[in-house]
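# Tertiary structure, described
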Amino acid sequence: MRHLARPAIFLRLLLVGVLAVALAGCGGERPPLRIASATVEGPYRLDSGDVLRIIVFEQASLTNTYRVDQAGFITFPLVGEVPARNVTTDELEAALEARLGRTVLRKPDVTIEVATYRPFFALGEVGAPGQYDYVPAMTAETAIAAAGGFTARANQRTVRVSRTIAGKLYEGRIAVTQPIRPGDTIYVSERLF
């Protein structure tokens, strides 16, 4: 009878050890991504890699496309570097109008639209992992299609998404029918069976 208790104790200790190791790995992980659609709603926030079409009314020499650089700025004639990271196009319009109004133009009228969104990344069980152009209203499924589709071993129901929100990196699982955002990293895992 005594020899039967040893395997049970061993299994309990093994289970406790496995749980301890699993929980120890959770401390340094990224915070979970809230409901994916909630983070997609609201105005689009600019970041590095976005290309903007900036139109200054009656100022053809200032109207052009400008890229948000790695530091999060655009370099604009007459005013220099303007912060563009984590602001909306409306907020950037107001900032440019204020700076241009202080320098050479009276009551400048600036309009900004996103010409090209920053790319997204697809990794894991996709046909061609890599960086791809983002198209508005893209879902995880259409993003995976752009990356060559699912491999034969891919989990085709959910994907893991890493997303930067207000300068902080979040990660979580979403259904393939959920929308993604520019700059997202999508990881398709291998299915269990």
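Now for a look at the structure at hand. (Residues numbered from 1 in each chain as written. Predicted model: local features only at pLDDT ≥ 70, side-chain atom pairs only at ≥ 80, totals over all residues. Heavy atoms only, no water.)

## With respect to the overall build of the protein chain
Short version of the rule: Strands are runs of DSSP state E lasting at least 2 residues, helices are runs of H or I lasting at least 4, and numbering of each runs from the N terminus. The buried label applies to any residue whose accessible area, calculated with a 1.4 Å probe on protein chains only, is under 20% of its type's maximum; exposed applies above 50%, and partly exposed to all values in between. Contacts: residue pairs with any heavy atoms within 4.5 Å of one another. In this description, accessible areas are obtained by the Shrake-Rupley approach with a 1.4 Å probe, and a residue is regarded as covered only by the protein chains that are shown.
For the protein chain, the count of helices and strands is four helices and ten strands. The secondary structure elements of the protein chain, listed N-terminal to C-terminal, are α-α-β-β-β-β-α-β-β-β-α-β-β-β. Buried residues in the protein chain amount to 34% of all 193 residues. Pairs at least 24 apart in sequence give 52% of the contacts found in the protein chain among residues at least 6 apart. As displayed, the protein chain has an accessible area near 11,900 Å², and 57% of this comes from carbon and sulfur atoms.

## Things to note about the packing of aromatic side chains
Ring pairs (aromatic) are described by centroid distance and by the angle formed between their planes. What counts here: Paired rings are identified among Phe, Tyr and Trp, the last through its six-membered ring, by centres lying within 6.5 Å, and are further divided according to the angle between planes into stacked (under 30 degrees), edge-to-face (over 60) and tilted (the rest).
Considering all chains together, one arrives at four aromatic pairs under this definition. Taking 5.0 Å as the distance between ring centres and 80 degrees as the angle between the ring planes, the aromatic pair formed by tyrosine 44 and tyrosine 117 counts as edge-to-face. Taken together, the residues span a long stretch of sequence, with tyrosine 44 in the loop between α2 (36–40) and β1 (51–56) and tyrosine 117 in the loop between β5 (110–116) and β6 (120–124) at a distance of 73 residues. On the basis of relative accessible area, tyrosine 44 is assigned to the buried category, the value being 15%.

## Things to note about the sheet that holds β1
Think of a sheet as strands paired side by side through backbone hydrogen bonds, with each pair either parallel or antiparallel. Under the convention used in this document: The pairing criterion is simple: DSSP has to find at least two bridges between the two strands. Geometry is summarised by axes, namely lines fitted to C-alpha atoms with helices restricted to the contacting stretch, and by angles between N-to-C directions that run from 0 to 180 degrees.
Strands sit in the order β2-β1-β5 across an open sheet of three strands; the sheet is antiparallel. Strand pairing shows two members of the sheet lacking a second neighbour, β2 (64–67) and β5, which therefore form its edges. Averaged over neighbouring strand pairs, the angle between their axes works out to 30 degrees when direction is ignored.

## Some points on the nonpolar core
The cut-off we apply is this: We call a set of buried residues a nonpolar core when its members are Ala, Val, Leu, Ile, Met, Phe, Trp, Tyr or Cys and they connect through side-chain atoms within 4.5 Å of each other.
Leu52, Ile54, Ile74, Phe76, Leu92 and Leu96 are the most contacted members of the largest nonpolar core, which has 21 residues in total. The set of elements that each furnish at least two residues to this core consists of β1, β3 (73–76), α3 (89–103) and β5. Those residues within four positions of isoleucine 74 in sequence are excluded, and the remaining contacts are Leu52, Ile54, Tyr66, Arg67, Val68, Gly80, Glu81, Val82, Ala84, Leu92 and Leu96. Counting 18 residues, the second-largest nonpolar core is a separate cluster that includes Ala122, Ala143, Ile144 and Val176.

## Observations regarding the side chain of asparagine 155
What counts, and what does not: Here a polar contact is taken to be a pair of N or O atoms separated by no more than 3.5 Å, where protein atoms must pair a possible hydrogen donor with a possible acceptor and residues adjacent in sequence count only if both atoms sit in side chains.
Inspection of the secondary structure assignment puts asparagine 155 in the loop between α4 (140–146) and β8 (158–165). Since its relative accessible area comes to 18%, asparagine 155 is described here as buried. Among the polar contacts listed, one links the side chain of asparagine 155 to the backbone nitrogen of arginine 157, at a separation of 2.9 Å. When neighbours within four sequence positions are excluded, asparagine 155 is seen to be in contact with Phe150, Arg173, Val188, Ser189, Glu190 and Arg191.

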